[in-house]
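What follows is the residue order along each chain.
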Amino acid sequence: MPEPADLLVVNASELVTCAAGAEGPLRGDDLAAPGIIEGGAVATRGDRIVGVGTTAELTARFVATQTLDADGCVVLPGIVDPHTHLVFGRTREDEFELRCLGSTYEEIAAAGGGIRASSRRFQATSRDDILAQAQATRRRALLHGTTTIEVKSGYGLSTESELLALEIAGAIDDRGDVVRTFLGAHEVPDAWRDDREGYIRLVCEEMIPAVAARRLAQFCDVFCEQHVFTQDETRTIAAAAARHGLAMKVHADELAGTGGAELAVELGAVSADHLMQVSDAGIDALSGSDTIAVLLPGTSFFLGMRHFAPARRMIDAGCAVALATDCNPGSSMTENPQAVLTIACIGLGLRPIEAIAAMTRNAAFAIGVGDEVGRLEPGYRADLLITDCANHRLLPYHHGVNHMRTVIHHGDTVS
Ligand code: NIG
Ligand code: FE
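First things first, this report covers the structure right here in the doc. Please read all numbers here as calculations on a predicted model, not as lab measurements.

1. Points about the nonpolar core
Part 1 of the argument: Ranked by internal contacts, the top residues of the largest apolar core, which has 98 residues, are Val87, Leu275, Met314 and Leu323.
Part 2 of the argument: The element best represented in this core is helix H7 (residues 196-213), accounting for 9 residues.
Part 3 of the argument: In this structure, Leu275 is in contact with Ala252, Asp253, Ala261, Leu286, Ala293, Val294, Leu295, Ala309, Pro310 and Met314, ignoring residues within four places of it in sequence.
Part 4 of the argument: Counting residues in each nonpolar core, the second largest holds 17 residues, with Val270, Ile292, Ala324 and Val369 among its members.

Right, dumping it as structure tokens:
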């Protein structure tokens, strides 16, 4: 007797399952072998995957209400973007122009621009306008293949505005696909420049308890960086987060190497993000830990840097490497994950298949949802992408266009 399915996707030239090997994120050589079924097919029922195999196997096994023909193109798991700052309200193209003319990100920040400029703009924007921006950004990300997304606060920088940012991140989450992170320690805001200890107390004693009490975030992040928050300040904030049940993430070793990766491991953080300047000791620490190395090559690119995170060394050392957009109005103004796949291949030296695995299966582990999304396997959520690419290498190679033909989210076709 054939089994019932709601949807059968058939005739994938390559079905990239990302389901190969043992549990957990893919490390080392395994990142390049995440599992590909030629002539593949997927069956879904409700919001779950119920069958994965060849087209011949699944058409014999299932009778489906609807069949979609991938028509000899690649099918892959919905992309997981594990690091965004997408609730920002207003953009910073003025700073972009300054950077085009030679100013650096740090110079602009030191002159009062950067995150502080965004914070002033955020505070001067209505809730409705911020919500509209966040909704539109999330929608575009989905249409480019991002079915699960992490969203940080960090442009409010007051208790009220940080709570608002997280509340808006919740409001754009209609199906449980937005994982929220509190990033009150993104920068010391204008009002606290002469009393940074006071601001850190506010983060620890007022913001974190309020975020936890209202269940507005699962993670707490800190921008641990020269001229922003120190290692010790990060430890203080992490201790407050732990007291209130928030797991840690760390913006680590982005612009200057300050031992951020080692600190993230010491804190048991779920991820250490950026890592452009990670040290050998940092790579060593990450490789022996469960902390995921979230690389953001779109940020190196957008900041005009020639230097990228040492991804190849990290993969060879056994670090679990993931990719994210870092979508934000300052250092990476894109919500398109396909752009990041291309930059990851060119800037980080990843193979196309490694980049895909890093932005699906491994990315899911960077936000604690690796048992739910990021791969095509029975029991996982029915998030999958039918592309217009005849093989997986075309996805990063032919850049600057949207390769998504059909985005299937929770078993439903998005249009
Ligand atoms: O991830 N590094 C800290 N935060 C962002 C930049 C935010 C901004 O410039 O608005 C980042 O690069
Ligand atoms: Fe970031």
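2. Quick look at the packing of helix H6 (residues 159-171) against H7
Part 1 of the argument: Look at H6 against H7: their axes get within 10 Å of each other, and the N-to-C directions meet at 35 degrees. Here H6 and H7 pass one another in a crossing that is right-handed. Contacts between H6 and H7 involve Thr159, Glu162, Leu163 and Leu166 on the former and, on the latter, Leu202, Glu206, Met207, Ala210 and Val211.
Part 2 of the argument: When the residues that make up the contact of H6 with H7 are grouped by side-chain class, the tally is 6 nonpolar, 1 polar and 2 charged.

3. Remarks on the packing of aromatic side chains
Part 1 of the argument: This model, assessed by the stated rule, comprises 2 aromatic pairs.
Part 2 of the argument: Pairing Phe96 with Phe302 gives two aromatic rings, centres 5.4 Å apart and planes at 15 degrees, and the pair type is stacked. In this pair, Phe96 sits in helix H2 (residues 93-100) while Phe302 sits in helix H11 (residues 297-302), placing the two residues 206 residues apart along the sequence.
Part 3 of the argument: Relative to Tyr199, the ring of Trp192 lies with its centre 6.2 Å away and its plane at 55 degrees, an arrangement referred to as tilted.
Part 4 of the argument: Residue Trp192 is classed as partly exposed on the basis of its relative accessible area of 26%.
Part 5 of the argument: Looking at Lys249, its charged tip hangs above the ring of Phe219, at a distance of 5.3 Å from the centre.

4. Examining empty space enclosed by the protein
Part 1 of the argument: Inspection of the entire model under this criterion finds 3 cavities of 30 Å³ or more.
Part 2 of the argument: In this structure, the largest cavity occupies an estimated 100 Å³ of space.
Part 3 of the argument: In terms of lining residues, the largest cavity is bounded by 14 residues, among which His85, Tyr105, His186, Asn328 and Ser331 are the most central.
Part 4 of the argument: Its residues assigned to classes, the lining of the largest cavity comprises 4 nonpolar, 7 polar and 3 charged.
Part 5 of the argument: Put simply, the second largest cavity is a space of about 50 Å³.
Part 6 of the argument: Together, Arg92, Glu95, Phe96, Arg99, Tyr105, Ile108, Phe302, Pro329 and Gly330 line the second largest cavity.
Part 7 of the argument: Elements supplying a minimum of two residues to the lining of the second largest cavity: H2 and helix H3 (105-110).
Part 8 of the argument: No other element matches the 3 residues that H2 contributes to the lining of the second largest cavity.
Part 9 of the argument: Of the residues in the lining of the second largest cavity, the class split is 5 nonpolar, 1 polar and 3 charged.

Calculation notes
- Residues numbered from 1 in each chain as written.
- Chains lettered and ligands numbered in written order.
- Predicted model: local features only at pLDDT ≥ 70, side-chain atom pairs only at ≥ 80, totals over all residues.
- Heavy atoms only, no water.
- Core = buried A, V, L, I, M, F, W, Y, C linked by side-chain atoms within 4.5 Å.
- Buried < 20%, exposed > 50% of the residue type's maximum accessible area, 1.4 Å probe, protein only.
- Helix = DSSP H or I, 4+ residues; strand = E, 2+ residues; numbered from the N terminus.
- Contact = heavy atoms within 4.5 Å.
- Axes fitted to C-alpha atoms, helices over the stretch in contact; angles between N-to-C directions.
- Left-handed = near helix turned anticlockwise from the far one by under 90°.
- Nonpolar A, V, L, I, M, F, W, Y, C, P; charged D, E, K, R; others polar.
- Phe/Tyr/Trp six-rings, centres within 6.5 Å; stacked < 30°, edge-to-face > 60°.
- Lys NZ or Arg CZ within 6 Å of the ring centre and 35° of its normal.
- 1 Å grid on protein atoms, 1.4 Å probe; cavity = no way out; pocket = protein on both sides within 12 Å on 5 of 7 lines; lining within 4 Å.
- Points joined across faces, edges and corners; volume = space filled by probe spheres on them.

Read these as layout, nothing more, since geometry by itself doesn't imply function.
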